[in-house]
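# Notes for the structure review
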Amino acid sequence: MAKMISEDVGVFYQHYPKVAAIVTARAEGKHNAMTVDWHTALSSNPPLYGICVAHRRFTYRLIVESKEFGVNFMPSEAVELVHAVGSSAGQQMDKFQEFDIARDRPVKTRVPILRDAYAAFECQLVDDREYGDYRLLVGMIVAVHTLREAFTAEGTLDLDKVSPVLYLGREFYVDTSRTA
Ligand SMILES: Cc1cc2nc3c(=O)[nH]c(=O)nc-3n(C[C@H](O)[C@H](O)[C@H](O)COP(=O)(O)O)c2cc1C
């Protein structure tokens, strides 16, 4: 099989699939949710998590204001919600009301935690840096919410119980179910 080499990098979807997660924030009496697929653990001790957010996102403003954000990992049943909050602008609507998003209480921050998430991090912002047209926001994870039955005794995700939302780029999503 022949490989193609190109110096025209384009949108470089080659590193997909990515787990699509929902980032949440609250400030000035407003709350919001947006989808991110560019996110990663950065350090285990201290526990640091990074999200890449374009500065024009309404969520970015709320995070800068509050110095906090949540990262919510969603099961494949929530793929439509993942797409919806990633395709709508929080400046013009209350996404929690519009998409009927149920919440749990945070314990260390004021960020909304999504009830349907199989796991969620509460993060305190420790760094905000520009990289090209995006910002890398680094958060210290100060609380972790987990749906116990979604994880094995070793603490890894049990794919027989939950299938994360995987994003391929453009409008394409897949899941890890054996039958998909
Ligand atoms: C699957 C998916 C992944 C996305 N990943 C990112 C991302 O990593 N970073 C980002 O800034 N925007 C990302 N977006 C776009 C934002 O979620 C989208 O612009 C959203 O409407 C922003 O909402 P807000 O303006 O209310 O904050 C993604 C959208 C989708 C559908």
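Please refer to the structure placed before this passage.
These notes cover the structure that comes with them.

## Describing the sheet that holds strand β12 (residues 172-174)
Pairing is antiparallel in the open sheet, where 3 strands are placed in the order β1-β11-β12. Each having just a single partner strand, β1 (18-19) and β12 make up the two edges of the open sheet.

## Observations concerning the pattern of salt bridges
Enumeration according to the criterion identifies 5 salt bridges in this entry. Of the charged contacts in the structure, one is a salt bridge between Asp104 and Arg115, with a shortest N-O distance of 2.8 Å. Of this pair, Asp104 sits in strand β7 (residues 103-104) while Arg115 is found in the loop between β8 (113-114) and β9 (119-131), placing the two residues 11 residues apart along the sequence. Judged by relative accessible area, which is 33%, Asp104 ranks as partly exposed. By relative accessible area, which is 49% here, Arg115 ends up partly exposed. We note a salt bridge from Asp128 to Arg135, for which the minimum N-O separation is 2.8 Å. The exposure class of Asp128 is partly exposed, given its relative accessible area of 25%. It is possible to trace a salt-bridge network through shared partners that takes in Asp128, Glu130 and Arg135.

## Quick word on the site of the ligand
In the neighbourhood of the ligand, 22 residues make up the surrounding shell, with Asn32, Asp37, Thr59, Ser88 and Gly90 lying closest. Contact between the ligand and Asp37: a nitrogen atom at 2.7 Å from a side-chain N or O atom of the residue. Interatomic distance of 3.0 Å between a side-chain N/O atom of Arg57 and an oxygen atom of the ligand. When the ligand is considered free in solution it has 650 Å² of accessible area, and contact with the protein chains removes 89% of it. Applying the majority rule of atoms within 2 Å of the grid points places the ligand in the largest pocket. For the shell around the ligand, the secondary structure elements donating two or more residues are β3 (30-36), β5 (48-54) and α1 (58-66). Broken down by element, the residue count for the shell around the ligand peaks at 4 residues, all from β3. Class assignment of the residues belonging to the shell around the ligand gives a composition of 12 nonpolar, 7 polar and 3 charged.

Conventions adopted
- Residues numbered from 1 in each chain as written.
- Predicted model: local features only at pLDDT ≥ 70, side-chain atom pairs only at ≥ 80, totals over all residues.
- Heavy atoms only, no water.
- Pairing = 2+ DSSP bridges.
- Helix = DSSP H or I, 4+ residues; strand = E, 2+ residues; numbered from the N terminus.
- Salt bridge = Lys/Arg side-chain N within 4 Å of Asp/Glu carboxyl O.
- Buried < 20%, exposed > 50% of the residue type's maximum accessible area, 1.4 Å probe, protein only.
- Near = heavy atom within 4 Å.
- Polar contact = N/O pair within 3.5 Å; in protein donor to acceptor, adjacent residues only side chain to side chain.
- Areas by Shrake-Rupley, 256 points an atom, 1.4 Å probe, with all protein chains shown as cover.
- 1 Å grid on protein atoms, 1.4 Å probe; cavity = no way out; pocket = protein on both sides within 12 Å on 5 of 7 lines; lining within 4 Å.
- Sits in = over half its atoms within 2 Å of the grid points.
- Nonpolar A, V, L, I, M, F, W, Y, C, P; charged D, E, K, R; others polar.

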